[in-house]
Amino acid sequence: MKLISILRLVFLSAFLVVTLQAGPSLAVSPEEMLKDPTLEARAREISAGLRCLVCQNQSIDDSDAPLAKDLRLLVRERIVKGDSNDEAMEFLVSRYGEFVLLKPRFTMKTLLLWGFGPAILLLGLWAVHLLYRKNKSVAATAQATGAVELSKEEQDKLNKILSSESDS
Amino acid sequence: MIIELGHYMLILAFALSLVQSVVPIWGAQIDDNRMMSVASPIAITQFLFVGLAFAALTHAYVTSDFSVQNVWENSHSTQPLLYKYTSVWGNHEGSMLLWVFILVIFGAMVGAFGRNLPPKLKANTLGVQGWITAAFLLFVLVTSNPFHRIADAPIEGRDLNPILQDVGLAIHPPLLYLGYVGFSISFAFSIAALLEGRIDAAWARWVRPWVLTAWGFLTLGISMGSYWAYYELGWGGYWFWDPVENASFMPWLCGTALLHSAIVMEKRGALKVWTILLSILTFSLSLLGTFLVRSGVLTSVHAFATDPGRGVFILILLVAFIGGGLSLFAWRASMLRQGGVFAPISREGSLVLNNLFLSAATAAVLVGTLYPLALEATTGAKISVGAPFFNLTFGPMMIPLLIAVPFGPLLAWKRGDLGAAMQRLWTALGIAILTVILVYGYVEGGPALAPLGIGIGVWLVIGSFAEIQLRSGFFKNSFSKAISRMFGMPKSVWGAALGHLGVGMTVIGIVVASSYQLEDISIMKVGDSRTIAGYTFTFEGMKESSEHNYSDVAGTFRVTEGDKLVTTLNPVKRVYNTRGMPTTETDIYTIWGVTQLYMSLGDKQDNGAMAVRIYYKPWVTFIWLGSLVMFFGACFSLADRRLRIGAPARKGRAKQAASTA
């Protein structure tokens, strides 16, 4: 029962979240911040893309958890040492795995994840295309058999449009 | 005793729901009117029973009866009265009871107001509603009984989770559930149509008010939840793409598509099969949302209950309803006759486009929400899918849709004229472009694409009135004639305009607030001041107080603009006595109803100074005002008499029809 083991795992982490989030601090605190505003801005940008590992989908920039604070300090440490944004990210991935990235990398593993939305859009476009082709052929047959006559509703609509045209 | 009666009422309601599940549908199969007519009284009686059960639990909470386990776990005798009431659904058992209660309210409403419904449709619809009620009542009774007693009653309760002790809990969950559960009605109607194997324009007219109601409440529920998070959590975020938020957002997206496809079905008899499928999918997503939140399979800020037994139970319900619904659809959908031919450029075509993008966006959110779970279950690999993913996949799909919105209402049915529609929109386009130029020219900072985002919002806001302008002949007819035409218009025209206007406002709010917000995090001593966006915040002092079940430490900050006093802000750090858990209570000042100054307190430093966060959030209230406007749009559409079969046309409409004839 894989599902059960996952549920159990999730409950365990839920327990962790509850215990760890009890700390009173509020995400980024003043003493963590770098003096240089450009470096600090970069640190914030990187932090927003990194997951607080013990939280549910929160970035370390938003999280109150002590672990998030450690990661924030780590990011700043790397930046001060001269890492580029990518290098700092890479460093964290090498330490904590891809789980730390809030934007998963595009790999075979995540092909379906990235591709599903666009695939549905393309499939939908194709279905709509088929619908219109069918509509067109239905309309053509109707034309050929002379079955095009306006319904009462359509006639009313036509009258309305014509009258609003004459208003102007 | 009251508690035991409540429990008994719930069991009686379950017994009734079993009857409701079988008898009316059987009656519809064998054409027995007496069996079919059983549905309405049962639905109404059931509402009464569940209502009494709910009242019994509420009574226990208000009187702080800690011999009831649920009350003991989630409430405290010193809580303010409002929170004693809201504690009822601030926990798993109680919130499931609220879920079922709202379900039977909707059922009773169909029973009471559905007099004009064809008897078979009504019997089948209420029968299907009975299945859902029975399943969830069983869930409550078996796995989540809120009426469980404790042998030795404790003297004091364990208090409600402090994060939930807020007016937000009084507003957000009931509205959200009214939305979630409201979609059960359109689901029941769809299944009923499939059972009967027939469906017509009247069916769509019957379903549309329910979809509108559910959609309106869901809109409001999501947005109130978002505002709650915004002021409660203390760092000014309002949407996190958290799985629990996605769980409510997916039915909203799908429901929005349903709202639009039902129009095509009602007016033109087209897209029947698609509309049925959408209404099954929308309620399936509601159930999925309930599963995700209630089972604890995803844990987040919202998940305050976890228990695997429940998870498996809801999973079974989920598979039964979604699987059953979709199988029935696959089996019977071909029996429904399609009608209504239309060209790609037409009102129908624009609504198809709307559905296409909304469905794809729903798919993107769905895969982003479930993929990490599925991947871990199958390969064991752990990945995270967060805000950056959703911004990249969901965002680009919204842009073409938003740009297309103002065109839709201007196109004629069957075959429209895009050029003519564009001519009606020159004003909107001009103002939008002007806005983009002005923002580029005069506003500093912010991402390069922000002015374009604002432009799209302005395009939506102005463009949403184009149909009203067209129909009333404003700037063409005399002023008084235009005004009288405006009021004579079907209310659904106003509903659509308001709905689209609201979307535009929300877009503007999101773009402006996220692009141009200013943040200042600092350590302040008494007497210090910080200046942000021209406003000076001076730290005047700290004040301690204690009330109800918590104690407060409040800062006093004087806010001035130049020499002028703007306001005094009092952000609070609050500690709840029972759980010893701290929360931040932000203080917010709103300028001209749109821009907010937002303050929250952080840690107290060793030297007595305070960590302070100050935000300047331009136009941020537009995010939620927009959703309010969308809600009013739904109300306007609901007030449209055409949605009530048999209701006589109002005099004003008759006059307008005469004047245009």
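- In the nomenclature of an unreviewed UniProt entry, chain B is known as Cytochrome c-type biogenesis protein CcmF of Cohaesibacter gelatinilyticus.
- Under the UniProt heading Sequence similarities (unreviewed entry), the note attached to chain B is "Belongs to the CcmF/CycK/Ccl1/NrfE/CcsA family."

Let's talk about the pattern of salt bridges
Here is step 1: Evaluated as defined, the whole model comprises 19 salt bridges over all chains.
Here is step 2: Ionic pairing is found between Asp65 of chain B and Arg149 of chain B, a salt bridge with its closest N-O pair at 3.4 Å. Of the two residues, Asp65 of chain B sits in the loop between α3 (39–62) and α4 (69–74) while Arg149 of chain B sits in the loop between α7 (119–143) and α8 (167–196), which places them 84 residues apart along the sequence.
Here is step 3: One network of salt bridges, in which partners are shared, links Glu32, Lys69 and Arg72 of chain A.

Description of the sheet that holds strand β9 (residues 595–604) of chain B
All names here are of chain B.
Here is step 1: Strand order in the open sheet formed by 4 strands is β1-β10-β9-β8, with antiparallel pairing between adjacent strands. Each edge of the sheet is formed by a strand with only one pairing partner; in this case those strands are β1 (518–524) and β8 (587–591). Geometrically, the sheet is characterised by an average inter-axis angle of 15 degrees between neighbouring strands, direction not taken into account.

A word on the domain arrangement of chain B
Residues and elements named next belong to chain B.
Here is step 1: Taken as a whole, chain B is organised into domain 1 (1–164), domain 2 (166–330 + 342–400), domain 3 (401–516) and domain 4 (518–617).
Here is step 2: Put simply, the middle of domain 2 and the middle of domain 4, counted by C-alpha atoms, are 38 Å apart.
Here is step 3: In this complex, domain 2 contributes 8 residues to the contact, which on the side of domain 4 involves 11 residues.
Here is step 4: When domain 2 packs against domain 4, the two sides together hide about 730 Å² of surface, and 34% of this comes from carbon and sulfur.
Here is step 5: Three residues, Tyr230, Glu232 and Gly234, lead the burial of domain 2 against domain 4; their summed loss comes to 55% of the area buried on that side.
Here is step 6: Our count for the domain 2 to domain 4 interface comes out at 0 salt bridges.
Here is step 7: Applying the counting criterion to the domain 2 and domain 4 interface returns 6 residue pairs in polar contact (both at pLDDT 80 or more).
Here is step 8: Taken together, the residues that form the side of domain 2 that touches domain 4 break down as 5 nonpolar, 2 polar and 1 charged.

Focus on a nonpolar patch on the surface
Here is step 1: On the surface, a nonpolar cluster with roughly 440 Å² of combined accessible area is contributed by Met1, Leu5, Tyr8 and Ile11 of chain B.
Here is step 2: Here Leu5 of chain B is to be found in helix α1 (residues 2–30).

Analysis parameters
Residues numbered from 1 in each chain as written. Chains lettered and ligands numbered in written order. Predicted model: local features only at pLDDT ≥ 70, side-chain atom pairs only at ≥ 80, totals over all residues. Heavy atoms only, no water. UniProt positions renumbered as here; feature names shortened; annotations may be inferred. Salt bridge = Lys/Arg side-chain N within 4 Å of Asp/Glu carboxyl O. Helix = DSSP H or I, 4+ residues; strand = E, 2+ residues; numbered from the N terminus. Pairing = 2+ DSSP bridges. Axes fitted to C-alpha atoms, helices over the stretch in contact; angles between N-to-C directions. Domains from an automatic or database assignment. Contact = heavy atoms within 4.5 Å. Buried area = accessible area lost by both parts, 1.4 Å probe. Polar contact = N/O pair within 3.5 Å; in protein donor to acceptor, adjacent residues only side chain to side chain. Nonpolar A, V, L, I, M, F, W, Y, C, P; charged D, E, K, R; others polar. Patch = residues over 30% accessible without salt bridge, like charges linked within 9 Å, V, L, I, M, F, W, Y side chains within 5 Å. Areas by Shrake-Rupley, 256 points an atom, 1.4 Å probe, with all protein chains shown as cover.

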